[in-house]
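# Structural features, examined
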Amino acid sequence: MTDLLVLGSGIAGLSAAIRAAERGLDVTVLTKGALANTATSYAQGGVAAALAEPDSPALHRADTLTAGVGLCDDDAVDVLVGEGPDRVRELMALGANFDRAAIDGELELAREGGHSLARVVHAGGDATGAEIERALVAAMQELRVDARERWFTVDLLVEGGAVVGVEAIAPDGSQHAIRARHVLLATGGAGQLFAVTTNPPVSTGDGIAMAYRAGAALADVEFMQFHPTALDVASMPRPLLSEALRGDGAILRDEHGVAFMVDEHPLADLAPRDVVARAITRRLVERNLSHLFLDATPIADFATRFPTVDRAARAAGLDPSADLLPIAPAAHYLSGGVCTDLDGATTLPGLWACGEVACSGVHGANRLASNSLLDRSEEHTSEL
Ligand code: SIN
């Protein structure tokens, strides 16, 4: 029997697996695809944290609460913004290389929608999630954690009202009962339930479904967040055009070239994500259009700052430094999920949850940009 069975290999699962292994626990990770085949690897913008003055946890808190539209859990937000800077430093200690300014070597901070100032660290320009995933996989492998790829978890094992393991299918198709003292759900979100999404094929909501079948409480599952700017091309998942583009000067335009966000919100193009997605969707419906446009031509040195977006645009025959980019909202992040307390405990003994599958209330009705990669505190393992 393993001490901790982690389901999922994104930032939430691997962070917990690493911390638990460092504390001497016997840890097994099951993931239904390849280790790095996760929504984390797709994340572009970065990690939000109040790392340097004039920023502060209080400002980060205020922005998170505003974006959450009055439905955030205050205590969860306090943990997120208060521990945020340490969690970013831990990622760096584990080997994640965030972008630094050439002049002074300080971390580069970007701004995204809903943030009152620049506080988002990023890596490889817009390849932040891939860099974090790389670092965490390497750190976990160094600790010799038993990580099993292409193991598909079918259901949680429940005995006497407590979760005691899982039923899972191995790569050769054989079915196994794996027993564990604790099971941690870190299975991510459910964007693939929608016709149009930025999420990878693995984001099918199976962790939430198995928690529900086992009798765990769920909350806020109606709060699927739509990212305002997915590239409107005929591929699935839709390529993401990071909010950091607008933080660096890109502007949303309608079919006549009008920059419409100035009439929608005091923060204009940097309004919270739900406001922007609704402003776009309203125009699409009223005007019977399939897309509006993101004008990224004001961004200097585009291919260096946003190499992932540049590649996606060029694959669609578009040059971001010259062309308007067709965009439409796409299902992006599930703010609700399996109910947890601040330690990640669910309502079922033996079952824990963290990351996108979990609902601690930290995101309220609408997650603030780049708060997702922060929502994976190592504190989840402290109670095991
Ligand atoms: C983005 O880069 O726009 C996505 C970041 C996020 O989902 O927080």
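Figured I'd write up the structure that's included with this text. Computed from a predicted structure; not experimentally measured. (Residues numbered from 1 in each chain as written. Predicted model: local features only at pLDDT ≥ 70, side-chain atom pairs only at ≥ 80, totals over all residues. Heavy atoms only, no water.)

### Observations concerning the packing of aromatic side chains
Tallied over the entire structure, the rule returns two aromatic pairs. Aromatic pair Phe-194 and Phe-226: ring centres 5.6 Å apart, planes at 85°, arrangement edge-to-face. Of the two residues, Phe-194 is situated in the loop between β8 (175-185) and α6 (206-214) and Phe-226 in strand β10 (residues 224-231); the sequence distance between them amounts to 32 residues. Seen from their ring centres, Phe-302 and Phe-306 are 5.5 Å apart, and the 40° between their planes marks the pair as tilted. Across this residue pair, the class does not change: Phe-302 and Phe-306 are buried. One cation-aromatic arrangement involves Arg-148 over Trp-151; the distance from NZ or CZ to the ring centre is 5.0 Å. Across from the ring centre of Tyr-333, 4.0 Å away, lies the NZ or CZ of Arg-367, which sits over that ring. (Phe/Tyr/Trp six-rings, centres within 6.5 Å; stacked < 30°, edge-to-face > 60°. Helix = DSSP H or I, 4+ residues; strand = E, 2+ residues; numbered from the N terminus. Buried < 20%, exposed > 50% of the residue type's maximum accessible area, 1.4 Å probe, protein only. Lys NZ or Arg CZ within 6 Å of the ring centre and 35° of its normal.)

### Here's the deal with the pairing of strand β13 (residues 325-334)
Burial within β13 is extensive, with ten of its ten residues counted as buried. Inspection of the sheet shows β10 paired to β13 by six bridges, in the antiparallel sense. Paired with Met-224 across the strands is Leu-334, a residue of β13. Of the pairings in the sheet, the one linking strand β12 (residues 292-295) to β13 comprises three bridges and is antiparallel in character. By the bridge assignment, Phe-293 is partnered in β13 with Pro-326. (Pairing = 2+ DSSP bridges.)

### Let's talk about the nonpolar core
Formed by 42 residues in total, the largest nonpolar core has its most connected members in Val-27, Val-47, Phe-98 and Ile-132. Elements supplying a minimum of two residues to this core: β1 (2-7), α1 (11-22), β2 (27-31), α4 (74-93) and α5 (128-142). With eight residues, α1 is the largest single contributor of residues to this core. Contacts of Val-47, omitting those with residues within four sequence positions, involve Val-88, Phe-98, Arg-119, Val-120, Val-121, Thr-128, Ile-132, Ser-370, Leu-373 and Leu-374. The next biggest cluster of nonpolar side chains, apart from the first, holds 28 residues, and it includes Leu-5, Ile-178, Leu-334 and Leu-351. (Core = buried A, V, L, I, M, F, W, Y, C linked by side-chain atoms within 4.5 Å. Contact = heavy atoms within 4.5 Å.)

### Examining the site of the ligand
Near the ligand you find Gln-44, Gly-45, His-227, Leu-240, Ser-242, Glu-243, Arg-273, His-332, Arg-367, Ala-369 and Ser-370, and these make up its full shell. His-332 is positioned with one of its side-chain polar atoms (N or O) 2.6 Å from an oxygen atom of the ligand. One of the backbone N or O atoms of Ser-370 is found 2.6 Å from an oxygen atom in the ligand. Calculation on the ligand without its partners gives an accessible area of 260 Å², and the protein chains cover 95% of this total. (Near = heavy atom within 4 Å. Polar contact = N/O pair within 3.5 Å; in protein donor to acceptor, adjacent residues only side chain to side chain. Areas by Shrake-Rupley, 256 points an atom, 1.4 Å probe, with all protein chains shown as cover.)

### Some words on the pattern of salt bridges
Within the structure shown, the criterion is met by 26 salt bridges. Residue Glu-159 is joined to Arg-179 by a salt bridge in which the shortest nitrogen-to-oxygen separation is 2.8 Å. A residue pair is termed long-range when its members are at least 10 positions apart, and Glu-159 in strand β6 (residues 152-159) and Arg-179 in strand β8 qualify at 20 residues. Since its relative accessible area comes to 42%, Glu-159 is described here as partly exposed. Between Arg-314 and Asp-310 there is a salt bridge whose closest N-O contact spans 3.1 Å. (Salt bridge = Lys/Arg side-chain N within 4 Å of Asp/Glu carboxyl O.)

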